[in-house]
Amino acid sequence: MPKRKDLKSILIIGSGPIIIGQACEFDYSGSQALRSLREDGIETILINSNPATIMTDPKMADHVYLKPLNTKSIIEILKNHPNIDAVLPTMGGQTALNLCIEADEKGIWEDFGVEIIGVDIDAINITEDREKFRELMLKIGVGMPPQASATSFLKGKEIAQEFGFPLVIRASFTLGGAGASIVYDPEDFDDQLSHGLEVSPIHEVMIDKALMGWKEYELELLRDKNDNVVIICTIENMDPMGIHTGDSITVAPAMTLSDRTFQRMRDMAIHMMRSIGDFAGGCNVQFAVSPDEKEDIIAIEINPRVSRSSALASKATGYPIAKIAAKLAIGYTLDELDNQITKSTSALFEPTLDYVIVKIPRWNFDKFEGSDRTLGLQMKSVGEVMGIGRSFQEALHKATQSLEIKRNGLGADGKGYKDYDTIIQKLRVPSWDRVFVLYDAIQLGIPLSRIHEITKIDMWFLKQYEELHFLEQEISKYTVENLSKSLLLEAKQKGFADRQIAHMLDCYESEVHKKRTELGINRVYKLVDTCAAEFKAMTPYYYSTFEEEIETADGKRFVANDSEVTDRKKIVVLGSGPNRIGQGIEFDYCCVHGVLAAAECGYETIMINCNPETVSTDFDTADKLYFEPVFWEHIYDIIRHEKPEGVIVQLGGQTALKLAEKLDKYGINIIGTSFESLDLAEDRGSFSRLLKENDIPYPRFGVAETADEALALADQLNFPLLVRPSYVLGGQGMKIVINKEELEAHVVDLLRSIPNNKLLLDHYLDGAIEAEADAICDGEDVYIIGIMEHIEPCGIHSGDSNATLPPFNLGEFVMQQIKDHTRKIALALNTVGLINIQFAIKDDTVYIIEANPRASRTVPFIAKAYGEPYVNYATKVMLGEKKVKDFDFKPHLDGYAIKQPVFSFNKFPNVNKNLGPEMKSTGESILFIDSLKDDEFYNLYSRRKMYLSK
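So, a few notes on the structure that sits alongside this text. (Residues numbered from 1 in each chain as written. Predicted model: local features only at pLDDT ≥ 70, side-chain atom pairs only at ≥ 80, totals over all residues. Heavy atoms only, no water.)

**Describing the sheet that holds strand β17 (residues 524-527)**
Here's step 1: Read across the open sheet, the 6 strands follow the order β17-β18-β23-β22-β21-β24; overall the sheet is mixed. Each edge of the open sheet is held by one strand with a lone partner, namely β17 and β24 (646-648). In this sheet, neighbouring strand axes are inclined to one another by 30° on average, regardless of whether the strands run parallel or antiparallel.
Here's step 2: In this sheet, strand β22 (residues 604-609) lies alongside strand β21 (residues 570-574) in parallel orientation, the contact comprising 5 bridges. Bridge pairing in β22 links Val573 to Met607.
Here's step 3: Against the sheet, helix α20 (residues 585-600) touches β21 and β22, its axis set at about 160° to β22. (Pairing = 2+ DSSP bridges. Helix = DSSP H or I, 4+ residues; strand = E, 2+ residues; numbered from the N terminus. Axes fitted to C-alpha atoms, helices over the stretch in contact; angles between N-to-C directions. Contact = heavy atoms within 4.5 Å.)

**With respect to a negative patch on the surface**
Here's step 1: Residues Asp104, Glu105, Glu110, Asp111 and Asp122 make up a contiguous surface patch of negative charge.
Here's step 2: With respect to the element layout, Asp122 can be found in helix α5 (residues 121-128). (Patch = residues over 30% accessible without salt bridge, like charges linked within 9 Å, V, L, I, M, F, W, Y side chains within 5 Å. Areas by Shrake-Rupley, 256 points an atom, 1.4 Å probe, with all protein chains shown as cover. Salt bridge = Lys/Arg side-chain N within 4 Å of Asp/Glu carboxyl O. Lys, Arg positive; Asp, Glu negative; His and termini not counted. Charge placed at Lys NZ, Arg CZ, Asp CG, Glu CD.)

**Here we look at helix α15 (residues 448-455)**
Here's step 1: Listed in full, the buried residues belonging to α15 are Leu448, Ile451, Ile454 and Thr455. On an axial view of α15, the arc spanned by its buried residues comes to 130°, and they lie on one face.
Here's step 2: At its buried positions, α15 is contacted by α13 (420-428), α14 (434-444) and α16 (459-475). (Buried < 20%, exposed > 50% of the residue type's maximum accessible area, 1.4 Å probe, protein only. Arc of directions from axis to C-beta.)

**Some remarks on the packing of α13 against α15**
Here's step 1: Close contact between α13 and α15 brings their axes to 8 Å; oriented N to C, the two are set at 45°. When the axes of α13 and α15 are compared, the pair comes out oblique. Touching Tyr420, Ile424, Leu427 and Arg428 of α13 are Arg450, Ile451, Ile454 and Thr455, all from α15.
Here's step 2: Residues of the contact of α13 with α15, tallied by class, amount to 5 nonpolar, 1 polar and 2 charged. (Parallel < 35°, antiparallel > 145°, perpendicular 65-115°, else oblique. Nonpolar A, V, L, I, M, F, W, Y, C, P; charged D, E, K, R; others polar.)

**Observations regarding the side chain of Thr333**
Here's step 1: Structurally, the position occupied by Thr333 is in the loop between α11 (321-329) and β15 (356-362).
Here's step 2: A relative accessible area of 2% places Thr333 in the buried class.
Here's step 3: Polar contacts involving the side chain of Thr333 include one to the side chain of Asp335, which spans 2.8 Å.
Here's step 4: In contact with Thr333, not counting residues within four places along its chain, are Asp224, Lys225, Asn226 and Leu328. (Polar contact = N/O pair within 3.5 Å; in protein donor to acceptor, adjacent residues only side chain to side chain.)

**A few points about the pairing of strand β30 (residues 782-793)**
Here's step 1: With 11 of 12 residues buried, β30 lies mostly within the body of the structure.
Here's step 2: Two strands pair when backbone bridges link them, and strand β29 (residues 769-777) and β30 are joined in this way by 8 bridges, in the antiparallel orientation. What sits directly across from Ala775, in β30, is Ile784.
Here's step 3: Turn length for the β29-β30 hairpin, with the two strands adjacent in sequence and antiparallel, is 4 residues, and the turn residue Gly779 shows positive phi of about 95°.
Here's step 4: Relative to strand β31 (residues 803-805), β30 runs antiparallel, the two sharing 2 bridges. Bridge assignment links His790 to a residue of β31, and that residue is Ala803.

**Some words on the sheet that holds strand β9 (residues 205-209)**
Here's step 1: Spatially, 4 strands are ordered β6-β9-β7-β8 in an open sheet, and the strand pairing comes out antiparallel. Here the strands that pair on one side only, and so sit at the sheet edges, are β6 (147-150) and β8 (181-183). Averaged over all neighbouring strand pairs, the angle between strand axes comes to 25°, with direction disregarded.
Here's step 2: By the bridge criterion, 3 bridges tie strand β7 (residues 167-171) to β8 in an arrangement that is antiparallel.

This is the structure we're talking about:
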């Protein structure tokens, strides 16, 4: 094996807190790289400031540094580990690359004798500096759009005059399309040019003639030191040029590309990768293709690192790009490495797909009031989902069912637009719901040619939509009693949910489920196997579909199912679905630890999730992975197929918790805390009665269902009031109001956006201190794993607060109340597993704000700060394998750990950035300080009362 013998110790740079444009796909790639290097006996040292990730788990690397990502930290680590031979910066997104370049410019790598592997610094500079990249592409004969670079305002104006509008402005060395814009009108140009020059760290922009309406493609490549290149995946953007790939609906394999053009594109991608530098690792190349018969190909950009799309490409193909890229960086060649899924073919064998993948981004515009919801060159999505199906239509439906935005798929749920002008406007201005509006437009009878003219979406995709519409029309002619088996099977094969079919037939979802079960139309499970079943896959990674029965020569009829059920005891863990504000990577961390703990207890573990960015959907995290929507119908069918001992819902955030009621109703065992207890904690009236019975103080409150009831309550409770809907995530719709006008306006607005919801009105404890506790309870004993005090006052969402562990100025009397209340509530709720309780402290009295008997956002933070595997312990308690007293708790923390939220406001320049009860942060970092005299703490504390928005 030609693995380099001289590389014994490697530093990996992580990607830091999650921001828009750089999410948890880099936790996934970093985790894979660490595991890959450790398999080869290499010592791994990791720097990353994000406590919510699997990557920063103590077991993942030999040495984990939860430190700020700056050159000061790098120097400290290199001094502590003089034996570090190399740094691998390609697994931590743009943040890691930028830090690597900065350290290189300061001569740090040279001073410590550290080699950069996996990428070439020159390659980074060529690809990030748009002028150098353009010159190189022209030199090697790769087409580029008419473009020129500007490092001054005057130069930019000259270029615009020469090219004419529309134009694209892109800032050099930025992330997630920061500073990029499409300019249609000369009067907008000056502002956008100034912004681009300001955002770019080298104050350079590239100005392109806009290729509006051209089709966009991405290729994921790997290359080894012998110059072998494989193309892992070809991804087509359903949205044409003009929308950032991170905000585009994407499809794999490419659907509308002729074979001739595909071969040309492959050759160009390989030629580009070879020309930018001599390095072994991953690469992502983006192209534009003219939407005519000529199919001209233009290069857009190349990223010489594991990219956002490579997580998607890995999950789409089953080929672990980051794992292999790490091996290539230490000297292996592709032909020496095994395909990780078949274990019998080479990694040089390019994946072949016999299914279709559709990725849809997940946006959170509701958290940024007044934000511009138009999609363009700056990425705005906070997460994504992926659907796998046997056809584009099935995969598209599964992806839309995974989004968790109260839609059941495309159409057939009574929630579509019906107004012609609204639909035309929504088609014209690309926004988050265009994937649904296309269907509404076809239903309204708008011709495909008109939709194509407005959106420039390829006619092939629109025809796929139209077929779904025709099928819906056909099914609507029948009732559930007389619908034929062939029509019902076709609807299921095209991805329609039972709920949607019930809507078409005007009956209940359960009736459709019963009908298809009687007709033998059941889901079958297929393997994601990287090689279209040419070779046997050894890894149980499944998606569902519907198939026609096969009849053998002896008359036996059956449907082929790849998922064989074992006779082992099984546990299902429900994942947390797409990342969004209020439910991020920390729940994926909890799910992964839950799976590992259940495996330690001897269970066969089954993971259900649809988020391609995460470690939970890695093919070897659980014994079986079902890459399926966390959507009732899909989950119920998997449970009927696998017959597990029970389902864990506590670890997947609100997504999994919301399914507890259905599981309970269908007699499926919920592991840990029961549905009754989960529901009791959510129902404010019942929960307050429980607090009253236990003599625990809580703010005066009332429940209203109309604006009149709310106004009557206000007289009893007194202002200020905290108004919030029940059963929501991340403080959605929460607001502090100070008079009747504000109250009425907010209640009317809430009831319009969340109809039939109960609204909770609490008397807001102005100026109170907020704290929270996380605990593990087994029904008899309670162990408090951590108490955190928020630096900001009560009223700012806990996810947006800086918080210290342990508390910094709560007296013994207050601390004792917190401990007593936590124990009483955990036991009164019959908690089995984790619970999080939030408190408001005023005049030395501790009031209860809320209790969540599930894993909270802060559990991973506390686990990292104290160096204890709390989710592992809690899962074993849930499973009844262990009691709280069986664990030897040894938390260790010198000084304090501070949880610092990170915001992505730069994507929404015109939004009110004030903080309040609705969560707005996209990620967090951890900061360790020795004492409260630390400057960082002093700065945070001095700003605490600066402003609290209502």
